Amino acid sequence: MGEKLRLLPLRRLAGWEPGLQQLGAGALGALMAAGSVFGGLHPFGMALLMGAGPARLWAAGAGVLAGYLAFLPLADGLRYLAAAAVVLAGKALFRGQFWPAAAGGCATLLAVQMMLAVSGLAGPAQSVAAVGDATLAAAWGWGLFRAGARARRGGPLGAESLLLCCAGLCGLQQLPAMGLLPGVVVLAAGGLALAFRGRLRDCAIFCLCGAGALAAADPDLCFAGLAVAVGCLAAAYFTPGERLGCATLFLVGGLLGVLAAPQSSLAVGFLGSAALGEAAFFALPARLLAALPAQTDPAAAQRPRVAGAVSQLESVANALTGIADTVNQVYETLPRRGESYNWVVDYVAEELCRTCGNRERCWVQDYSTTMDGFYRLKPILEQQGRAALEQLPGQFCRCIHPTELCSCSSRGYALYRGRRESRVKAGAMRAALTEQYSAMAQALSQMAGQLGQSIVPDVGKTEQLGRLFSSIGLEPLECQAGFDAAGRLRAGVTVSRTPFSQQELGEITEEAQRILHRPLTLPRVDHCRAVTTITFSEQPLYFPRYGLAARPAKAGACGDAVEQFCDCFGNAHLLLCDGMGVGRPAAIDGTLAATLAARLLKAGFGAQSAARLVNVALALKSDEESAATMDLVTVDLYSGRASLFKAGACPTLLLRGGKAQALEGSSLPVGILEQVVGQQDSVALNEGDWVVLVSDGALTDGSGWLCQQLELCAASSNTPQQTAELLADMAQKRAEGRSRPDDISVAVLRLERAVD
């Protein structure tokens, strides 16, 4: 609110803005007409007219014509006047087009110079200077024309403003100033203003380009431009937002610049100009400095949102863990009611004996005899579920209601057994629920860790990538390109919801590669409500080559399910799930486990978290027992590091350096126990290494022959698909004649170097 109040006086001048713009254009035209570079060239007046827009063309033209007459010798002024008049005529006739006006003005300037040379009034040096004048005017004017036509985006210093400032500094040096250097005064004041607002990049561009302009106007002022640049950059880097600190560091840079002055008079003039520039900086109103946007850090703007998302994910993970722990603690502390056979005894005593006349005798005098009778009745109830009259133990011979006793005890035992079954089911549901909560908490914690990884943003690449999408009509809502801790490029662009074809994604990837200077894979496209996020990843070092062969024991149903895929995180996955048994039930379990695990892995879940959730799904799938082995290999395609996870799976065959070995581990399939009993290992893979997963149907004769055959296939340069087919066929032949055939599946992964 305070900054809005400070800017209020500036807004009151908005009604005067058109007139002030015209006056400013006229003054700038006169100043640029006076500008001189390289010992006598005056290209900036013509350049301003060539690049000016129609709104300020005539005001700038009047200023340029006046400047030529006021600041140049009459002969030179008339020469430039003729060329400027032709440029104005060309802009008027051709509706603001650049090249007709520029060609006419340059041709006029050269034609006048040629006439002077033919008449003997100018020598070769003047003719060469005229060519340089025309070339500089056209080049500078083209820059102004292009920069003015492009909409200004804000942030960094605009190209049009920079070109005008440099030309204006050259013009200021032609003004009489009693030994002072007007260009240095303006350069110092402007550089300190940018330094005060912390705009380091803009300050560097402005000061260095301004120093070059001063050196072009007068080579003796090279030291002055560099001294101002050093002082302003030091102020922008070390003391942004501190007026006194900026002025102090600028003064130190100015004193160092004095030591390089070629003449003592220039040194005195520079010191006076630098002091005057500092005074102008201090005289600038605070509201005017506040109107200059401060430097913004895109990475800093993103950090709070990323940190907030990480914190929120961690909070959700902790909440889920807390729920699971609380449910287990409450279950352990609650009293166990109706969990023993004594509940049946209490039920009979309450329902039958409460109104019986022999109650005192049976439950007080002969209590031990009555309880002994009930415990003798227990095996009968457990075996038959009910008791007949003739099966009553002898301890109940004094009971005056034997028939009702049989019925009541049978009914009580049925209720007791029902309560026990309900308790078992409730315990299974509780265990599944808490396990699911714990697995989700673990997965969310892993995602929070991935999201919280530091990214070093590249502002230049981010801006170029944003302009790429803007040029195709998709204005980015968010855009970021940078490098993670491992030096891998990561880039993401969020636009309004838009469908993309594979051809369009390929073309976008080619343009993004040219901008980011890194080989990229096809981007991942995620649609969420009204937005679409395109995620670019650097091309990995390795590429997986897959092979798969399956030989079902029964036609039409295979209990083995295989998933082979690469995720958006640079990992290749090889997953094999073997449902217990053969036929349709095994196929359902294997397919369910493989499909669910693959979806979780693609979403970013770890192997352990995915296995825990698959375990819950199989446990709750039906009343019948469901189980499946889970064999997973995950390879980091950037480093070659492979992670192996096994839950009841067969040995994994690994071929490295031409030698094959079987990696075994003790574990249990998922879906059997409340918690997953798996084993994790890691190995380092290189180019040309093989990983083979097989189901138990392929191991009827052990794994030795598989290792030998894998070595032969690799030596024979067989492809992964050929190797999988060959191993499956050989395993099927070895299993012929077995009394209990089993499904056979062979999944192969060979690591190859990616082609750039």
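Along each chain, residues carry numbers from 1 onward, in the same order as the chain's sequence is written. Given that this is a predicted model, residues contribute local features only at a pLDDT of at least 70 and side-chain atom pairs are listed and counted only at 80 or more, while totals for whole chains, interfaces and linings are drawn from all residues. Note that the side-chain values use all heavy atoms of the structure and ignore hydrogens as well as water.

Engineer: What's the story with unusual backbone geometry in this structure? I'm lost.
Structural biologist: Keep in mind that most residues, glycine aside, have a negative phi and that most peptide bonds are trans. Of note in the backbone geometry, His-517 takes a positive phi value of approximately 60° without being a glycine. Notably, Ser-717 is not glycine yet its phi reads approximately 60°, a positive angle. Mapping Ser-717 onto the fold places it in the loop between helix H24 (704-715) and helix H25 (720-734). Comment: elements are numbered from the N terminus, with helices defined as DSSP H or I runs of at least four residues and strands as E runs of at least two.

Engineer: How do you make sense of H24 when you look at a structure like this?
Structural biologist: One turn of an α-helix holds 3.6 residues; hence residues three or four places apart share an orientation. The span you would expect from a helix comes to 1.5 Å times its residue count less one. If you check H24, its first and last C-alpha atoms are 17 Å apart, about what 12 residues at 1.5 Å a residue would give, namely 16 Å. Think of it in three bands: with a 1.4 Å probe and only protein chains considered, a residue is buried below 20% of the maximum accessible area for its type, exposed above 50%, and partly exposed in between. Among the residues of H24, Trp-705, Leu-706, Cys-707, Gln-709, Leu-710 and Cys-713 are the ones counted as buried. On the buried face of H24, the contacting elements are strand S11 (652-656), strand S12 (659-663), strand S14 (690-694) and H25. Two residues or fewer after H24 comes Ser-717, characterised by a positive phi angle close to 60°. Here, two residues are considered to be in contact whenever any of their heavy atoms come within 4.5 Å of each other.

Engineer: Would you take a moment to explain the nonpolar core for this structure?
Structural biologist: Within the largest apolar cluster, 40 residues are counted, with the highest numbers of intra-cluster contacts made by Met-46, Leu-49, Met-50, Val-64 and Tyr-68. Going through the elements one at a time, helix H2 (17-34), helix H3 (44-51), helix H4 (57-71), helix H5 (74-93), helix H6 (98-118), helix H7 (124-149), helix H8 (159-172) and helix H10 (200-217) are the ones with two or more residues in this core. In terms of residue count, H5 provides more of this core than any other element does, 6 residues in total. Counting the residues that make up this core, at least three belong to each of domain 1 (18-156) and domain 2 (176-295). When residues no more than four places from it in sequence are discounted, the contact partners of Met-46 are Tyr-68, Tyr-80, Ala-83, Gly-105, Cys-106, Leu-109 and Ala-137. In terms of nonpolar packing, the next biggest core, distinct from the first, is built from 34 residues, Leu-181, Leu-221, Ala-236 and Phe-270 among them. The criterion is simple. A nonpolar core is a set of buried Ala, Val, Leu, Ile, Met, Phe, Trp, Tyr and Cys residues joined through side-chain atoms within 4.5 Å. Those domain boundaries reflect an automatic or database domain assignment.

Engineer: Help me understand the packing of H3 against H4 in this model?
Structural biologist: Taken N-terminus to C-terminus, the directions of H3 and H4 make an angle of 170°; their axes are 10 Å apart at the nearest point. Classified by the angle their axes make, H3 and H4 are roughly antiparallel. For the pair H3 and H4, contact is made by Gly-45, Met-46, Leu-48 and Leu-49 and by Leu-57, Ala-60, Gly-61, Val-64 and Tyr-68, respectively. Looking at side-chain class alone, the contact of H3 with H4 contains 7 nonpolar, 2 polar and no charged residues. What counts as an axis is a line fitted to C-alpha atoms, over the stretch in contact for a helix, and the angles between N-to-C directions run from 0 to 180 degrees. By the definition adopted for this analysis, an angle is roughly parallel if under 35 degrees, roughly antiparallel if over 145, roughly perpendicular if from 65 to 115, and oblique otherwise. As a working rule, the residues Ala, Val, Leu, Ile, Met, Phe, Trp, Tyr, Cys and Pro are called nonpolar, Asp, Glu, Lys and Arg charged, and the rest polar, with Gly in that last group.

Engineer: What should I look at first to understand the sheet that holds strand S7 (residues 560-566) in this one?
Structural biologist: Backbone-to-backbone hydrogen bonds join strands into a sheet, with any given pair of strands oriented parallel or antiparallel. Read across the open sheet, the 5 strands follow the order S7-S8-S9-S10-S13; overall the sheet is antiparallel. Both edges of this open sheet fall to S7 and strand S13 (679-684), since each of them pairs with a single strand only. Neighbouring strand axes in the sheet, compared pairwise and without regard to direction, differ in orientation by 10° on average. We call two strands paired when DSSP finds no fewer than two bridges between them. Both strand S9 (residues 628-636) and strand S10 (residues 641-647) contribute to a ladder of 6 bridges, which runs antiparallel. Bridge pairing in S10 links Val-635 to Ala-642. Contacts from helix H22 (residues 584-602) reach S7, strand S8 (571-579) and S9, with the element oriented near 160° to S8.

Engineer: Quick question: what am I supposed to make of the pairing of strand S15 (residues 744-753) here?
Structural biologist: Moving residue by residue along a regular strand, the side chains alternate between the two faces of the sheet. With 9 of 10 residues buried, S15 is to be regarded as a mostly interior element. For strand S6 (residues 542-551) and S15, the ladder comprises 10 bridges, and the chain directions are antiparallel. Within S15, the residue paired with Arg-545 across the bridge is Arg-750. With 5 bridges connecting them, S14 and S15 associate as antiparallel partners. Residue Trp-690 lies in a different strand from S15, and its bridge partner there is Arg-750.

Engineer: Could you clarify how one ought to interpret the sheet that holds S12 in this entry?
Structural biologist: Taken in spatial order, the 5 strands line up as S6-S15-S14-S11-S12 in an open sheet, and their pairing is antiparallel. Of all strands in the sheet, those bounded by a partner on one side alone are S6 and S12. The mean angle between the axes of side-by-side strands here comes to 20°, regardless of whether they run parallel or antiparallel. Here H25 sits on the sheet in contact with S6, S14 and S15, set at roughly 25° to S6.

Engineer: Mind showing me how you'd approach the UniProt feature "transmembrane region" (unreviewed entry) in the protein here?
Structural biologist: UniProt positions are given in the numbering used here, feature names are shortened, and annotations may be inferred rather than shown by experiment. UniProt records the feature "transmembrane region" (unreviewed entry) at residues 20-41, 53-71, 101-122, 181-200, 221-238 and 244-261, using the numbering of this structure. The distance separating the terminal C-alpha atoms of residues 181-200 is 25 Å; by composition the span is 80% helix and 0% strand.

Engineer: I keep staring at the confidence of the model for the protein and nothing clicks. Help me out?
Structural biologist: The predictor attaches a confidence to each residue, called pLDDT, with possible values from 0 through 100. Of the residues in the protein, 85% have a pLDDT of 70 or more, and the chain-wide mean is 81. The lowest-confidence element of the protein is helix H1 (residues 2-12), averaging 42 in pLDDT; the highest-confidence one is S14, averaging 93. Contacts of residues 1-14 to residues separated by more than four positions or lying in other chains number 11 contacts, the stretch itself having pLDDT below 50. Confidence over residues 151-157 falls short of pLDDT 50; this stretch has 15 contacts with residues more than four positions distant or in other chains.

Engineer: I keep staring at the state of the cysteines and nothing clicks. Help me out?
Structural biologist: Chemically, a disulfide is nothing more than a covalent bond linking the sulfur atoms of two cysteines. Two cysteine sulfur atoms make up a disulfide if the distance between them is within 2.5 Å. Evaluated as defined, the whole model comprises 0 disulfides. Considering cysteine sulfurs only, Cys-166 is the nearest to Cys-165, which forms no disulfide, with 6.9 Å between them.

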